[in-house]
Amino acid sequence: MTARGGASGQPNSFVGRDRELGRLGELFARALAGRGQVCLVTGQAGSGKTALVRHFAEEVFERNQDAILAAGSCNAQTGIGDPFLPFREALAMLTGNPSEQRRMPGASSENARRLRTIVVRSVQVLVDVAPEVAGLFVPGGKLVGEFGKAIADKAGWLDRLDLLAKQKALAEDAASSIEQSRIFEQYAAFLDELSAEAPLILFVDDLQWADGASLNLFFHLARHIGQSRILLIGSYRPNDVALGRSGARHPLEPIANELTRYYGDIAIDLDSLPQEAGRQFVEALLDTERNCLGEGFRRALFARTGGHALFTVELVRAMKERGSLVRDADGCWAEGPALDWGALPARVEGVIEERIERLDAELQELLRVASVEGEQFAVEVVARVADVGERDAVRRFSRELDRQHQLVGGGRPARWGAVRLFLYHFTHNLFQHYLYDNLSAAERAYLHGDVGHVLESLFSGQTEEVAAQLARHFEEAGGTALSKAVRYRLEAAERARRMSALDEAEAHLKRGLALTSALPQGRARTQLEFSLWTALGTVLNAMHGYAAPAVDRAFRQARALARALGDPPEALHVLLAQSMFFLMRGEMAHAWQEGEQVLRRAEELGDRAYIMTAHVLLGTIAVYRADYARARKHLERCIELYDVNRFGELAYRQGQDPGVVAHAFLSRVLWLQGYPEQALDAGRAAVALADEVGHPYSQAMAVMHLATLYSFLRRWPECQRAAGQALQLAEDGGFAMWRANAAIIRGTVLVHQGSIAEGMAAISRGLFVWEATGAGLVAFGATCMAEACRLEGRREEGLRVLDESLYRSEEAWWQPEQYRLRAELLLLAPGHEAEARDLLLQALDLARSQGARSLELRVAMSLARLARHAGQPADEMGALAEAHAYFFEGLDSGDLREASTLLGLGYAMEAG
Amino acid sequence: MSVPGTEVRVHARKERGQTCILDIKGGLSAFAEDELMEAYNRECATGTRNVILNFAGLEYMSSSGIGLLVTLLIRAQRRQQRLLAVGLTDHYREIFEITRLDEAISLHEEEADALSVLSAEIGEWIR
């Protein structure tokens, strides 16, 4: 057994664990060969997870000249509500922020040296491949300041950093967000590129406290580093994970299971080490210094600590301080006369208690205040709350609590814009827990309030940086501070939304709502509740779609509160959302009513953005109601008012770009009215605009509309490509509605390419997902399935699907096609010709009354085929010729080509 | 292929004061709307906090049936009610999971399981 020298953290000596180090070494060797690896280190608090990784990194540094370590730690106090915290810390480490070295104190000097040598390159890579991640993740708001102008200037890309900083400010002004999938892709691309320069160990500590966004990013990286020189290590406490989160399964659990399924056994479990490993740890620790401690002592020590790393280290330290262990004349540690096993602490908490109680009263007080701030704390905050001079506090923390007592570490500066703070951390979170748990409820409340107020004043003007912390402190303070807690929940939610950390945003808003019940009744409370419900509706809308029950609930609550407040201008957003809800539910009359209200109110307020949005909304509703003249009037008015330079950011506030929607629905109207080429132009314009705006939801919507248009035109190869692209966009962005829609179109393509069973399965799955989003616009999807049934000869099933859609839907636009397909299905069994013909004639009248020339043509073709089948080909040729005569463009498209053939054939038979 | 029966029968019953159970037998499609909503309005719309959908007798559910459940969910949520489902076969349980409807309607094996969960969570709304 090799004894190893101590590091400054806890435990202060790293011994044993040869097997685990060997395992990590094997994984790193594979990563070095360009086969990125993942490892999960698990164990209870104090079992030595962090120490193991830290020591492993030191070993790697001895063998490999280029390897670097980046690390981030999840926070027990605010981790769940602070999106991407560990990954922001790791990124800051890689881009030269020395304050982020604190988690790895043992490795800091060598690692910091290595990081300094690559910082220019790492920032350059960040700017090149992950500009949006840079804008969102690097704290402080001024990127150029963060990275250092000198370095940037030297490297020749100061201008680009300046531009990034400006873009970030712009994005903040516009309250914009980027999609989580892009954050993931850019972060992975950044690490991949960087690891080509220097092999990377990325360590995420304490995953049991991670926010959902960080867990998803961890999973994404784990699945995408297979060809990079990266070893990704996560650590967590399985007992905490087993307890779940908020009454549900802990989100880390399925991720760990999925990674194990994918990679095999990737866990190093420090709790399930064999007994001899624990005993070896005790032996190795004692043998780090000369001693003459016998078997009896070693056995007793192991019996007391079970080989628990922190407990063993702390107990040995306590025994030395008590005189239970003394040096003999030769300088060897030996049992002292004061050794009394019965008087020694039986649990690790007991050892911690003894250490704290040996400190003087002022140091204890400083630590108590620090424990309220959290595992990591700013010494300036502690000083102000404890009413101690800042310099004095810094001195006592660095000289006594850090160097002498090794209870805290760090002490490096961190900047948030103009704010500079010196950050420390407890060397083990059990120290912080012990101190915090021993405060009375009243002490905690007052201290939380004090910490909150100090943080608030330090971060004046940029409280969003610490909004999650402020919310927590004011919530714990209670009483009159609660309203502040609610306001900071709102602010934290907005920050999370901008990072596309929607789960976290939802959690903040729901917590804020729960807190409002404790606030006094009155206008201020109503205003807060209105803001919370509106923000919640917007977040849920992005997650689940416009028609989801949860979205309905949130906006209904917001609407009621808006009325109580006298309908403030902000209520316009709620009105718009409710109209969208009714539209997507297929309740057209309601949707129209609400849409008109939006337009009226927007005109009253002179709000051009909402006037434009109201026009596109009314235009869309009119399409579904088959009122094409009105639809074109509103859609074209929107396009007229739209200016991408002025309104390009609207999508980020309203959920989709109004200009894109207007072009997309205009393309549909144009096709229905018999202008297939113009329809294609409008559809392509929608895609081009969506790309220009760069809003993923709008992009998915535009491409999906284009795919649908290709299906109308029966241009299956183009349809397949566009549907595939739409599906990818929808999956990346997590847009359930577009994912379902793309699945239906892809299934339809398969059906028309001959893979009917496979196509029907895809359509069926798409229909289920579509319905589950609450969307009631089912007519088009139902006809896709009915057409597949017709081709497969599944008459009854096809009829049932169609009849269900006709029974439910208020969508007049697609009714001619629903009737036509019903007639075609009826004809699959003999003896239904008359019924089918009646239905087709009904469909023909309807299509003509709507001015839906494309649908009229389809119906006329079905009638012509029926007549031909009955041996009377001339009967319906007049209707077909009439329908065909309306078309002056797109004559080579599917239906028109077939109509021409049919007309030629019909005339030929008539002539014959 | 024969189309499974689309006839549906919905029986509503009260359980432990604030809980209502809807026993759904037969096929759940768009055509079940009247039957389902009438049963719900009759027994569950008022004085009810939790609605348990018992699918033990379910023979068939179309995608429109899922749409109908979402409609019911919207109505229930407007009344501050919670929906639970019991007795789903593996096939339909999977559909609930694929469509993520299980996130809004909690799934339980048996009626007794759902009732015991409710006893433990009574009074809770925003979770």
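Residues numbered from 1 in each chain as written. Chains lettered and ligands numbered in written order. Predicted model: local features only at pLDDT ≥ 70, side-chain atom pairs only at ≥ 80, totals over all residues. Heavy atoms only, no water.

Quick word on the overall build of chain B
Logical step 1: If you tally the helices and strands in chain B, you get four helices and five strands.
Logical step 2: Ordered by position in the sequence, the α and β elements of chain B form the string β-β-α-β-α-β-α-β-α.
Logical step 3: Counting every position in chain B, which comprises 127 residues, the buried fraction comes to 51%.
Logical step 4: Across chain B, every contact between residues at least 6 apart in sequence was considered, and the portion connecting residues at least 24 apart equals 69%.
Logical step 5: For chain B, the accessible area works out to roughly 5800 Å², and carbon and sulfur atoms hold 44% of it. (Helix = DSSP H or I, 4+ residues; strand = E, 2+ residues; numbered from the N terminus. Buried < 20%, exposed > 50% of the residue type's maximum accessible area, 1.4 Å probe, protein only. Contact = heavy atoms within 4.5 Å. Areas by Shrake-Rupley, 256 points an atom, 1.4 Å probe, with all protein chains shown as cover.)

Section: the pairing of strand β3 (residues 50-61) of chain B
Residues and elements named next belong to chain B.
Logical step 1: A large share of β3 lies buried, amounting to nine of its twelve residues.
Logical step 2: Inspection of the sheet shows strand β2 (residues 19-28) paired to β3 by nine bridges, in the parallel sense. When the sheet's bridge partners are listed, I21 is paired in β3 with I52.
Logical step 3: Handedness of the crossover joining β2 and β3 through helix α1 (residues 33-44): right-handed. (Pairing = 2+ DSSP bridges. Right-handed = clockwise from strand over helix to strand, strands pointing away.)

Some words on helix α42 (residues 833-850) of chain A
Residue and element names in this part refer to chain A.
Logical step 1: Taking 1.5 Å per residue, 18 residues should reach 26 Å; α42 reaches 26 Å between its end C-alpha atoms and fits that length.
Logical step 2: Among the residues of α42, those classed as buried are A836, L839, L840, A843, L844, A847 and Q850. Viewed end-on, α42 has its buried residues packed into an arc of 145°, placing them on one side of the element. Facing away from the buried side of α42 by over 90 degrees, the exposed positions are A834, D838 and S849.
Logical step 3: On its buried face, α42 is in contact with α30 (628-641), α41 (815-826), α43 (853-869) and α44 (877-885). (Expected span 1.5 Å × (residues − 1). Arc of directions from axis to C-beta.)

A short note on the packing of aromatic side chains
All names here are of chain A.
Logical step 1: Using the criterion set out here, one finds 23 aromatic pairs over all chains in the structure.
Logical step 2: Considering the side-chain rings of F712 and F780, the 5.8 Å spacing of their centres and the 85° angle between planes classify their relative orientation as edge-to-face. Remark: F780 occurs in helix α39 (residues 779-792) and F712 occurs in helix α35 (residues 696-712); sequence separation between them is 68 residues. The same class applies to F712 and to F780, which are both buried.
Logical step 3: The side chain of R853 reaches across the aromatic face of Y886, ending 3.6 Å from its centre. (Phe/Tyr/Trp six-rings, centres within 6.5 Å; stacked < 30°, edge-to-face > 60°. Lys NZ or Arg CZ within 6 Å of the ring centre and 35° of its normal.)

Looking at the sheet that holds strand β10 (residues 419-426) of chain A
Residue and element names in this part refer to chain A.
Logical step 1: The sheet built from three strands is open, its strands ordered β8-β10-β9 with antiparallel pairing. Every other strand in the sheet has two partners, leaving β8 (376-378) and β9 (408-416) as the edge strands with one partner each. Recorded for the sheet is a direction-independent mean angle of 30° between the axes of neighbouring strands.
Logical step 2: Pairing between β9 and β10: eight bridges, direction antiparallel. Bridging across to β10, V408 finds its partner in F426.
Logical step 3: Contacts from helix α17 (residues 361-373) reach β8, β9 and β10, with the element oriented near 115° to β8. (Axes fitted to C-alpha atoms, helices over the stretch in contact; angles between N-to-C directions.)

Some points on the interface of chain B and chain A
Logical step 1: Residue-level contacts link 30 residues of chain B with 26 residues of chain A.
Logical step 2: Summing the contributions of chain B and of chain A, the shared interface buries around 2500 Å²; its carbon and sulfur component is 63%.
Logical step 3: Here chain B and chain A share one salt bridge between them.
Logical step 4: Summed over the shared surface of chain B and chain A, the result is seven residue pairs in polar contact (both at pLDDT 80 or more).
Logical step 5: Mapped onto the side of chain B that touches chain A, the elements with two or more residues apiece are α1, β3, α2 (63-78) and α3 (90-98) of chain B. (Buried area = accessible area lost by both parts, 1.4 Å probe. Salt bridge = Lys/Arg side-chain N within 4 Å of Asp/Glu carboxyl O. Polar contact = N/O pair within 3.5 Å; in protein donor to acceptor, adjacent residues only side chain to side chain.)

Examining the pattern of salt bridges
Residues and elements named next belong to chain A.
Logical step 1: In this structure the tally under the stated criterion is 57 salt bridges over all chains.
Logical step 2: Ionic pairing is found between E197 and R121, a salt bridge with its closest N-O pair at 2.9 Å. Here the residue E197 occupies a position in helix α9 (residues 180-197), and R121 occupies one in helix α4 (residues 108-129), the gap between them amounting to 76 residues.
Logical step 3: A relative accessible area of 40% places E197 in the partly exposed class.
Logical step 4: A salt bridge links R396 to D360, with the shortest nitrogen-to-oxygen separation between them at 2.5 Å.

Digging into unusual backbone geometry
Residues and elements named next belong to chain A.
Logical step 1: Its identity as a non-glycine residue notwithstanding, Q406 has a phi of 55°, on the positive side.
Logical step 2: Looking at the secondary structure, you find Q406 in the loop between α19 (390-404) and β9.
Logical step 3: A positive phi angle is found at A626, which is not glycine, with a value near 60°.
Logical step 4: Topologically, A626 is positioned in the loop between α29 (608-624) and α30.

A word on helix α25 (residues 523-544) of chain A
Logical step 1: A rise of 1.5 Å per residue sets the reference length of α25 of chain A, with its 22 residues, at 32 Å; its end C-alpha atoms lie 31 Å apart and thus fit the reference within 8%.
Logical step 2: Note on α25 of chain A: the residue one or two positions beyond its end, G545 of chain A, has a positive phi of about 100°.

Regarding the confidence of the model for chain A
All names here are of chain A.
Logical step 1: The pLDDT averaged across chain A works out to 86; a share of 90% of its residues lies at or above 70.
Logical step 2: Within the model, pLDDT remains below 50 along residues 1-12, and this stretch shows 42 contacts once partners closer than five positions in the same chain are excluded.
Logical step 3: Long-range and interchain partners of residues 140-150, a stretch whose pLDDT sits below 50, account for 26 contacts in this model, where long-range means more than four residues apart. (pLDDT = per-residue confidence, 0-100.)

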